[in-house]
Amino acid sequence: METHTAPQTAEARLLEATHTLLQTVRQRDLEAIDRKEAEALAARLREVLNQHAYRYYVLDNPLIPDADYDLLMQALRKLEARFPELVTPDSPTQRVGGPPLGRFEKVRHPEPLLSLNNAFGEEDVRVWYERCCRMLAERLGQPVQPAVTAELKIDGLAMALTYENGVLSVGATRGDGIEGENVTQNVRTIPAIPLRIPVDPAVGPPPTRLEVRGEVYMRKRDFERLNEQLQARGERPFANPRNAAAGSVRQLNPQVTALRPLSFFAYGIGPVEGAEVPDSQYEVLQWLGRLGFPVNEHARRFEHLDDVLEYCRYWTEHRDELDYEIDGVVLKIDHRPWQALLGAISNAPRWAVAYKFPAREAITRLLDIMVSVGRTGVVKPVAVLEPVEVGGVTVSQATLHNEDYVRSRDIRIGDLVVVIRAGDVIPQVVRPVVEARTGNERPWRMPERCPSCGSQLVRLPGEADYYCVASDCPAQFVRLLEHFAGRDAMDIEGMGSQVARQLAESGLVRPLSDLYRLKLEDLLKLEGFAETRARNLLRAIEASKQRPLSRLLFGLGIRHVGKTTAELLVQRFASIDELAAATIDELAALEGVGPITAESIANWFRVEDNRRLIEELKELGVNTQRLPEEAPAAESPVRGKTFVLTGALPHLTRKEAEELIKRAGGRVASSVSRNTDYVVVGENPGSKYDRARQLGIPMLDEDGLLRLLGMK
Ligand SMILES: NC(=O)c1ccc[n+]([C@@H]2O[C@H](COP(=O)([O-])OP(=O)(O)OC[C@H]3O[C@@H](n4cnc5c(N)ncnc54)[C@H](O)[C@@H]3O)[C@@H](O)[C@H]2O)c1
Ligand SMILES: [Zn+2]
């Protein structure tokens, strides 16, 4: 028998209620609604938030992105601020974390482990800092400008470690802030947590009693490996590294925890007896480091708020370069006696605030999966999504990588899915919310034929991707043309994807060489082309004839020949004809060119159409010779020298800088030693910088590096 009403699980109902609430709080002006409506809305928010908090804190299995939770929490806070009588004891705004799980013995914290208030943007940080200044001025009777310690907000779970006479005696989770769970047995299995302090006995006698607070977390790589293992065994993978860390610490069997790759960073202290504790947060971190605790190397102390904001901005952009997840930056008034003056309100200290990064994860409906054909013929599944805002941008399409990706994550059409958008990376669907399935979702398969030309798609052995191998596939050609004209290739201004499509679909351009045969009257026939625009485009096309050889090589779209490889090839081959004549062995012998790339290049030049294309380009006046500026550097001063990079450079990514150094014959090492010749220092350098200073090793900034390489 067929039923038309979808079965609804509790999770599906909760998600639906959440969705509705999210819409309400996004659309309504919470400052304007009346008391009666506020009461009803607050009740719904409480109910939904409490359910999510339970899933998150107790089950380690959240259903929704943190940003959605935070948004609802913020809404509830606003309502409660306007109508204080609406605050109930069971409101999630009044509590920290979740109740300790019955599975473990309970531990009462000698001093509560609080939560942190959030700052969603620079304005919130300013407001927080100014309030601190005002309160301190009042209490001290004179104006002060307190220094701030800024630390990364590691996304893991809070842990309180008690050491008695230097020996680890209790490890406790935060729980509800008052009582946590005794997870000492599990904590002992975490290699980064010292069992006895100080680790180096020369440091001196330990405090008689010390509570260290910090975060247990899991590195991204370890998290991925763990999930692969779990999936291979048919077990449920964790949603994110935080949940993986929390789930692993709260294992009943310490032997299982021992197998989980957990790490730890110490960030503060609780009660201490029998030791001089520095009165600055920043110095407490260093003290903890001396005792043998891992302390995050990126903590900084700033005198000025502007520098604090700069730090927040910096890490918003660079968070992906870390091999662990952070969800923000924690700012703390550095002077501890002043922290005490500021005190706490309900469940969070006034002297600290968590600057939260903008959201980059959202949940939305996967409406359909289509496939797109790339310039090399690669065919990729693309998710068609119900439009959703992620980090300030509306996303309606996202990549699904390849068929295996869709299958292994069991992503189905009709699913609610988690979408992430990280930095400049294309949005991607990461997983379905399986709990919300209604039974009407449809699994997806790669189509057998190319959606553009209808030819049979093939999957090469050992490759995850399908290809359309038809040489006359229109979709591929549009992409190739787009790529050829692109910024890093022939850089033809005014030839974006729209124009590329018009030129290809009208039949005006095909093959590529036709681009250099275009006439004014051809362009005037195209929609949107009046005389000025057409002339500009022709001029841009003409100018592209003089591009360096490496750009032409890159623009041809030979598989595996990226920008860097193209530049490398030009160092060795002075013209396209020389390159065309090279054997696979000659190519593979070049440093930086592997056998696969070598074969791909050789194969490309073997194709008759491609040979003809090169001849035509030459006849039409396109440069196919190495330009003087591309000539290989003479004996470089960098050859054989060892470089170490630290901090972020203003223009080059770390990879690019490494590539440049290697190409000039230098070596890149990961740590500073006496054998290091140069240290290249960027913004926010790490401990390598200090070490280099100690050893007196010459330092360069990006400019200095480029000059040394003869590029400036
Ligand atoms: N997705 C969901 O359903 C759901 C449900 C409940 C809570 N949450 C998430 O949980 C978080 C709120 O929980 P919270 O009250 O535990 O607060 P929090 O996690 O936002 O902040 C407090 C915690 O930050 C951690 N921390 C990391 N680095 C630190 C540092 N350098 N100094 C000090 N503390 C540091 C500590 O563990 C501390 O307990 C939010 O991010 C919220 O989105 C999500
Ligand atoms: Zn095709």
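Note that this is a predicted model, so its numbers are computed, not measured. Along each chain, the written sequence defines residue order, and numbers are assigned to residues from 1. Numbering of ligands from 1 and lettering of chains from A proceed in the order in which they are written. Two thresholds apply to this predicted model, a pLDDT of at least 70 for residue-level local features and 80 or more for giving and counting side-chain atom pairs, whereas whole-chain, interface and lining totals are computed over all residues. Excluded from the side-chain calculation are hydrogens and water; included are all heavy atoms of the structure.

For the rest of this paragraph, the subject is empty space enclosed by the protein. For cavity detection a 1 Å grid was placed over the protein atoms alone, and a set of points counts as a cavity when a 1.4 Å probe fits there but cannot get out; an open set counts as a pocket when protein lies on both sides within 12 Å along at least five of seven lines, with lining residues being those that have an atom within 4 Å of a point. Grid points are joined across faces, edges and corners, and a volume is the space filled by probe spheres set on the points. All chains considered together, the criterion is met by 3 cavities of 30 Å³ or more. In this structure, the largest cavity occupies an estimated 80 Å³ of space. Lining the largest cavity are E151, L152, I154, F265, A266, Y267, L285, V295, N296 and A299. Residues of the lining of the largest cavity, tallied by class, amount to 8 nonpolar, 1 polar and 1 charged. Roughly 40 Å³ of internal volume is contained in the second largest cavity. For this scheme, ten residues count as nonpolar: Ala, Val, Leu, Ile, Met, Phe, Trp, Tyr, Cys and Pro. Four count as charged, namely Asp, Glu, Lys and Arg, and the remainder, Gly too, count as polar. The class makeup of the residues in the lining of the second largest cavity is 2 nonpolar, no polar and 5 charged.

Distances define the donors: N, O and S atoms within 2.8 Å of the metal qualify, as do those within 3.2 Å of Na, K or Ca. Water is excluded, so some sites may look unfinished. The protein atoms that coordinate the zinc ion (ligand 2) are C450 (SG), C453 (SG), C468 (SG) and C473 (SG), at distances of 2.2 to 2.4 Å. Of note is the zinc ion (ligand 2), whose 4 donor atoms meet at the metal with angles of 98 to 114 degrees in an arrangement that counts as tetrahedral. Spacing between the donor residues of the zinc ion (ligand 2) along the chain follows C-x2-C-x14-C-x4-C. Pair noted here: C450 is in the loop between β18 (428–432) and β19 (457–459) and C468 is in strand β20 (residues 466–468), with a separation of 18 residues, a long-range link. Just as C450 is buried, C468 falls in that class too. Think of it this way: with four donors and all angles in the 85 to 135 degree range, the site is tetrahedral; with four or six donors, opposite ones beyond 155 degrees and the rest between 65 and 115, it is square planar or octahedral; otherwise it is irregular. The numbering of helices and of strands both runs from the N terminus, where a helix is a DSSP run of H or I of at least 4 residues and a strand a run of E of at least 2. Here the term buried applies to any residue with accessible area under 20% of the maximum for its type, exposed to any over 50%, and partly exposed to those in between, with areas from a 1.4 Å probe on protein chains only.

On to the nonpolar core. Note on soluble globular proteins: their nonpolar side chains tend to be buried together. Each nonpolar core is a collection of buried residues, namely Ala, Val, Leu, Ile, Met, Phe, Trp, Tyr and Cys, held together in the definition by side-chain atoms within 4.5 Å. If you look at the biggest cluster of nonpolar residues, it comprises 59 residues, and the most contacted ones within it are L45 and L385. If you tally residues by element for this core, the top one is helix α2 (residues 35–58), at 7 residues. Annotation comment: domain bounds sourced from an automatic or database domain assignment. Shared between two domains, this core holds at least three residues of each, these being domain 1 (10–94) and domain 3 (361–444 + 454–459). What makes two residues a contact is simply this: any of their non-hydrogen atoms within 4.5 Å. With residues near it in sequence (within four places) discarded, L45 still touches L21, V25, L72, A75, L76 and L79.

Right, let's get into helix α16 (residues 531–543). A helix's residues, less one, multiplied by 1.5 Å, set its expected span. Here α16 contains 13 residues, and its C-alpha end-to-end distance of 18 Å stays within 8% of the 18 Å for a straight helix at 1.5 Å per residue. Taken as a whole, α16 has its buried residues at A534, L537, A540 and I541. Projected down its long axis, α16 shows its buried positions confined to an angular sector of 125 degrees, all on one face. Of the exposed residues in α16, the ones pointing more than 90 degrees away from its buried face are T532 and R539. Looking at the buried residues of α16, the elements they touch are α14 (497–505) and α15 (520–524). Here the arc refers to the directions that run from the helix axis out to each C-beta atom.

Let us look at a negative patch on the surface. Patch criteria: residues need more than 30% relative accessible area and no salt bridge. Like-charged residues are merged within 9 Å; nonpolar side chains of Val, Leu, Ile, Met, Phe, Trp and Tyr are merged within 5 Å. Here the open area of atoms and residues is found with the Shrake-Rupley method and a 1.4 Å probe, where only the protein chains shown may cover a residue. One side-chain nitrogen of Lys or Arg within 4 Å of one carboxyl oxygen of Asp or Glu is enough to make a salt bridge. The charged-residue count follows a simple rule in which Lys and Arg add positive charge and Asp and Glu add negative charge, with His and chain termini not counted at all. In this description, the location of a charge corresponds to atom NZ of lysine, CZ of arginine, CG of aspartate or CD of glutamate. A cluster of like negative charges, contributed by E224, E228, E325 and E361, occupies part of the molecular surface. Tracing the backbone through its elements, the reader meets E325 in the loop between α10 (305–318) and β10 (326–333).

Turning our attention to the sheet that holds strand β21 (residues 642–646). For two strands to pair, DSSP has to find at least two bridges joining them. Taken in spatial order, the 4 strands of this open sheet run β22-β21-β23-β24, and their pairing is parallel. Across the chains shown, the open sheet's two edge strands, defined by having one partner strand only, are β22 (667–669) and β24 (699–700). The axes are straight lines fitted to the C-alpha atoms, using for helices just the contacting stretch, and the angles between their N-to-C directions are given from 0 to 180°. Helix α23 (residues 654–663) rests against β21 and β22 of the sheet, and its axis sits at about 170 degrees to β21. Each of β21, β23 (678–681) and β24 is contacted by helix α24 (residues 687–695), which is oriented at about 135 degrees to β21, the strand it contacts most.

Once that is clear, we can look at the packing of aromatic side chains. The aromatic pairing rule takes the rings of Phe, Tyr and Trp, using the six-membered ring of Trp, and pairs them if the centres are within 6.5 Å, calling planes under 30 degrees apart stacked, those over 60 edge-to-face and the rest tilted. Per the counting criterion, the structure on display carries 12 aromatic pairs. On the numbers, 4.9 Å between centres and 85 degrees between planes, the contact of Y56 with Y57 is edge-to-face. With a centroid separation of 5.6 Å and an interplanar angle of 65 degrees, the aromatic rings of F302 and Y311 are classed as edge-to-face. In terms of burial, F302 and Y311 fall into one category: buried. Each member of the aromatic cluster is reached from another via a ring pair, and the members are F302, Y311, Y314 and W315. When the NZ atom of lysine or the CZ atom of arginine is within 6 Å of a ring's centre and also within 35 degrees of its normal, the charge is said to sit over that ring. The ring of F529 carries the charged tip of R533 above its face, separated from the ring centre by 4.1 Å. A cation over a ring is seen here: R572 above F573, with NZ or CZ 4.7 Å from the ring centre.

Let us now look at the environment of I426. Inspection of the secondary structure assignment puts I426 in the loop between β17 (416–420) and β18. Taking the relative accessible area as the measure of exposure, I426 reaches 58% and is therefore exposed. In this structure, the C-alpha to C-alpha distance between I426 and Q397, residues 29 residues apart in sequence, is 9.2 Å.

Here we take up the UniProt feature "active site" in the protein chain. Here the UniProt-annotated "active site" positions come out as K153. Relative to the elements of secondary structure, K153 occurs in strand β3 (residues 148–154). Those residues in contact with K153, other than ones at most four positions away along the chain, are L116, E325, I326, D327, G328, V329, V330, A354 and K356. UniProt positions are given in the numbering used here, feature names are shortened, and annotations may be inferred rather than shown by experiment.

Of all 8 residues in β10, 8 are buried; the element is thus mostly enclosed. Here β3 pairs with β10 via 7 bridges, running antiparallel. In the sheet register, E151 faces β10, and the bridge partner there is V330. Here β10 pairs with strand β13 (residues 352–356) via 5 bridges, running antiparallel. In the strand pairing of β13, V329 is matched with Y355.

Bringing the side chain of T173 into the picture now. Following the sequence through the fold, T173 ends up in strand β5 (residues 167–173). Counted as a polar contact is a pair of N or O atoms within 3.5 Å, where, for protein atoms, one must be capable of donating a hydrogen and the other of accepting one, and residues adjacent in sequence contribute only when both atoms are in side chains. In terms of polar contacts, T173 uses its side chain to reach the side chain of E181, at 2.9 Å. Here T173 is in contact with H109, L157, A158, M159, G180, E181, V183, V249 and R250, once residues within four sequence places are set aside.

Here the focus is the UniProt feature "binding site: Zn(2+)" in the protein chain. Taking the numbering used here, the UniProt-annotated feature "binding site: Zn(2+)" corresponds to C450, C453, C468 and C473. In sequence the annotated residues extend across 24 residues, while in space they remain close, none of their C-alpha pairs exceeding 8.6 Å. Tracing the backbone through its elements, the reader meets C453 in the loop between β18 and β19. Excluding anything up to four places from it in sequence, C453 contacts C468, A470, C473 and P474. The topology assignment puts C473 in the loop between β20 and α13 (474–485). When near neighbours in sequence (up to four residues on either side) are disregarded, C473 contacts V373, C450, S452, C453, C468 and R510.

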